[in-house]
Amino acid sequence: MDGTGWKRFRLNEKKDEAEGVKSFIFESAETPMYFLPGQHVILRLPDLEGDQRGKMRHFSISTSPLEGKFIGITTTIDPVDSPFKRKLDSLEKGEEVDIFGAIGKFIFDPGLWKESIVVLIAGGIGITPFRSMIKYALSMNGNFRIRLIYSGKTSKNLVFKNELDGLAAGDSRLKIFHTVTGEQDGTGNMHRGRIDQDFIRGSVEELDNAIFYICGPPRMVEEETRMIVSELGVDRNRIRTEQFLGY
Ligand SMILES: Cc1cc2nc3c(=O)[nH]c(=O)nc-3n(C[C@H](O)[C@H](O)[C@H](O)COP(=O)(O)OP(=O)(O)OC[C@H]3O[C@@H](n4cnc5c(N)ncnc54)[C@H](O)[C@@H]3O)c2cc1C
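All values derive from a computational prediction rather than experimental measurement. (Residues numbered from 1 in each chain as written. Predicted model: local features only at pLDDT ≥ 70, side-chain atom pairs only at ≥ 80, totals over all residues. Heavy atoms only, no water.)

Scanning the protein from terminus to terminus reveals six helices and twelve strands. Counting only C-alpha atoms and orienting by the principal axes, one finds that the protein spans roughly 50 × 45 × 35 Å. Counting all 247 residues of the protein, 49% fall into the buried class. Put simply, 73% of the contacts in the protein that link residues at least 6 apart link residues at least 24 apart. In the form shown here, the protein has an accessible surface area of approximately 11700 Å², with 47% of it arising from carbon and sulfur atoms. Positive and negative charge centroids in the protein, built from 34 and 36 side chains respectively, lie 2 Å apart. (Helix = DSSP H or I, 4+ residues; strand = E, 2+ residues; numbered from the N terminus. Buried < 20%, exposed > 50% of the residue type's maximum accessible area, 1.4 Å probe, protein only. Contact = heavy atoms within 4.5 Å. Areas by Shrake-Rupley, 256 points an atom, 1.4 Å probe, with all protein chains shown as cover. Lys, Arg positive; Asp, Glu negative; His and termini not counted. Charge placed at Lys NZ, Arg CZ, Asp CG, Glu CD.)

Two elements, strand β1 (residues 6-18) and strand β6 (residues 96-103), share five bridges in a ladder whose sense is antiparallel. The residue bridging Phe9 from the neighbouring strand is Val97, located in β6. Bridge count between strand β3 (residues 40-44) and β6: five bridges; the pairing is antiparallel. Opposite Leu43, over in β6, you have Ile99 as the bridge partner. (Pairing = 2+ DSSP bridges.)

Take the environment of Leu245 next. In this structure, Leu245 sits in the segment after β12 (239-243). Here Leu245 is in contact with Arg53 and Pro218, once residues within four sequence places are set aside.

Another aspect to go through is the sheet that holds β3. The strand order across the open sheet built from six strands is β4-β3-β6-β1-β2-β5, with neighbouring strands paired in antiparallel fashion. Each edge of the sheet is formed by a strand with only one pairing partner; in this case those strands are β4 (56-60) and β5 (70-76). Averaged over all pairs of adjacent strands, the angle between strand axes in this sheet comes to 40 degrees, irrespective of strand direction. Of the strand pairs in this sheet, β1 and strand β2 (residues 21-28) are connected by eight bridges, and their pairing is antiparallel. Across the sheet, the residue bridging to Leu11 is Phe26, located in β2. (Axes fitted to C-alpha atoms, helices over the stretch in contact; angles between N-to-C directions.)

Okay, here's the thing in C-alpha cells:
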C-alpha cells in the first residue's frame, strides 16, 4: 500500500523532550497518513520566508503507528537556529503545515527482527526512528532481542531516556546501553566515550546473528558503519543506515 502524497496537518501538541529538543505532534486535517515504523516525512512550512535551505526538511517519524492519527517529529531547537526551526517552534496549536510521506526503507522488519539480535545504534537526535520501531515491536508478540546503544553529548541530551528506560524495565526483550561523549555533567555512573567496538561487544551477546541499524548525523553514521565492518567483521549487508543530512 502506498500512502504517499502531500497532506495538510495541524499542530496538536508541542513537548519538551530533552535539553534543546522538542517533539511536534501533528494531526491530519484530511485522511490519516499510513506509515511503517522507521519511515520519515518531508515537512513544509508554507509561510516560511528567508531560509537559505528553503521551506522543507526531512524528519523521521518518532511516534508509532499505534499512536493513532498523529504524526510526531522530534528535533533540536537550539539557541542558534535556522529560520525554519524558529518558525516551527513558534507554531501554535491548530496551525497548519504540509507533510509529504511516508517514505524510506529504514524500517522495522518483523521477519528479520524475529530471527536476529537487533542492534539499534543512535547518535544524538538519531534516536527518533528507533522510538517508533521499539514502541511498535514491543506491542507485538515475538521473541525480539533488541539492543539499543545510544550516545549523547551529556545525559541531559539523551532524548526519550525515561520513557525508553521504562519500556526496558517492563519488557526483557529490550536492553539499553547509554554512553555520553561530552563533559562530565554529574550523572555518576553512566558509561563515557564513543560507541566503539568494546562497547558493542559488551552490549551484544551474539554478534554473528546481529543486524545493525545506525542513525544520526552523517559523519557518525559513516564512522560507526566503517568500524562495525572493519573491527567487528560484520557483513555490510547486515547494516542499515539513516543519515540525518543537515547536521
Ligand atoms: C532521512 C532524514 C531524516 C531526518 N530526521 C530528522 C529527525 O528526526 N530529527 C531532526 O532533528 N533532524 C532530522 N533530519 C535532519 C533535518 O532534515 C534537518 O536537516 C536538521 O534538523 C537541521 O535543520 P536546520 O537546517 O533547520 O538547522 P538547525 O537545526 O537550526 O541547525 C543545525 C546546526 O546549525 C547551527 N546553525 C543553524 N543556523 C545557524 C546560523 N545562522 N549560524 C550558525 N549556526 C547555525 C545550529 O546551531 C545547529 O548546530 C533528517 C534528515 C534526513 C535526510
